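Coordinate inspection notes
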Amino acid sequence: MIARIRSADAPDPYREGGYVLRVLSAPGRVTGQPHAWPIAVVQLLGQRYICAPNRRRDWVRNLLAAGWCTVEGDDPARRTATLSEDDAAAQAVAAYLGALGRASTMWPFPSDAPAATIREHLTEIAVFRLTPES
């Protein structure tokens, strides 16, 4: 997947309420060496978010430890990654699942769950707001 994303002539443009695929990198929490992974980046109300169905994934734990990542194809590429547990985070997950266009059983709620239901699970899942570093 990483090779496919990187081989595109240009990265897909962000779309409000939708997502694009990007390659993110963050330092490993043990080695400090960069680790890359493919992920959907959601744009909602001009903010960018990445989401995970649980907080036990290695990339989530690395991002929690580092507090920043690089997003290939973005300018600037380096972003502060802030764990978000607010209404906007729940809406970002709802937007992602709605744009996905298919059901996903990886989440602790149905794919068509409203943001209010998703909000009840924000301490189990991970939603990061990505903001450009100055």
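The sections below set out a description of the structure shown in this document. (Residues numbered from 1 in each chain as written. Predicted model: local features only at pLDDT ≥ 70, side-chain atom pairs only at ≥ 80, totals over all residues. Heavy atoms only, no water.)

Let's shift gears to helix α2 (residues 58-66). Among the residues of α2, Trp-59, Val-60, Asn-62 and Leu-63 are the ones counted as buried. The arc that holds every buried residue of α2, seen down its axis, measures 165°, which confines them to one face. As for α2, its buried residues are in contact with β1 (19-27), β2 (34-44), β3 (47-52), β4 (68-71), β5 (78-83) and β6 (126-132). (Buried < 20%, exposed > 50% of the residue type's maximum accessible area, 1.4 Å probe, protein only. Helix = DSSP H or I, 4+ residues; strand = E, 2+ residues; numbered from the N terminus. Arc of directions from axis to C-beta. Contact = heavy atoms within 4.5 Å.)

This structure, assessed with the given rule, holds ten salt bridges. Ionic pairing is found between Arg-48 and Asp-74, a salt bridge with its closest N-O pair at 3.5 Å. Of this pair, Arg-48 sits in strand β3 while Asp-74 sits in the loop between β4 and β5, and the two are 26 residues apart along the sequence. Through salt bridges with shared partners, a single network forms among Arg-22, Arg-48, Asp-74 and Arg-79. (Salt bridge = Lys/Arg side-chain N within 4 Å of Asp/Glu carboxyl O.)

Turning next to the layout of surface pockets. Considered as a void within the structure, the largest pocket measures approximately 370 Å³ in volume. Only β1, β2, β3 and α3 (87-100) provide two or more residues apiece to the lining of the largest pocket. Looking at the lining of the largest pocket, its residues break down into 15 nonpolar, one polar and two charged. Roughly 240 Å³ of volume is contained in the second largest pocket. Partitioned by chemical class, the residues of the lining of the second largest pocket number six nonpolar, one polar and six charged. (1 Å grid on protein atoms, 1.4 Å probe; cavity = no way out; pocket = protein on both sides within 12 Å on 5 of 7 lines; lining within 4 Å. Points joined across faces, edges and corners; volume = space filled by probe spheres on them. Nonpolar A, V, L, I, M, F, W, Y, C, P; charged D, E, K, R; others polar.)

Before going further, it helps to spend a moment on the side chain of Arg-129. Its place among the elements puts Arg-129 in strand β6. A polar side-chain atom of Arg-129 sits 3.4 Å from a polar atom in the side chain of Ser-84. Separated by 3.1 Å, the side chains of Arg-129 and Asp-86 make a polar contact. Setting aside anything within four residues of it in sequence, one finds Arg-129 in contact with Gln-47, Arg-48, Tyr-49, Thr-80, Ala-81, Thr-82, Ser-84, Asp-86 and Ala-88. (Polar contact = N/O pair within 3.5 Å; in protein donor to acceptor, adjacent residues only side chain to side chain.)

Turning our attention to the nonpolar core. Ranked by internal contacts, the top residues of the largest apolar core, which has 20 residues, are Val-93, Trp-107, Phe-109, Ile-118, Ile-125 and Val-127. Those elements giving two or more residues to this core turn out to be β2, β3 and α3. Here this core gets eight residues from one element, more than from any other, and that element is α3. Discounting chain neighbours no more than four positions away, the residues touching Val-93 are Cys-51, Trp-107, Phe-109, Ile-118, Ile-125 and Val-127. Formed by 18 residues, the second largest nonpolar core is a distinct cluster that contains Tyr-14, Val-41, Val-60 and Phe-128. (Core = buried A, V, L, I, M, F, W, Y, C linked by side-chain atoms within 4.5 Å.)

Among the seven residues of β6, five are classified as buried, and the element is accordingly described as predominantly covered. Note: β3 against β6, five bridges, orientation antiparallel. In the strand pairing of β6, Ala-52 is matched with Ala-126. Relative to β6, β5 runs antiparallel, the two sharing five bridges. (Pairing = 2+ DSSP bridges.)

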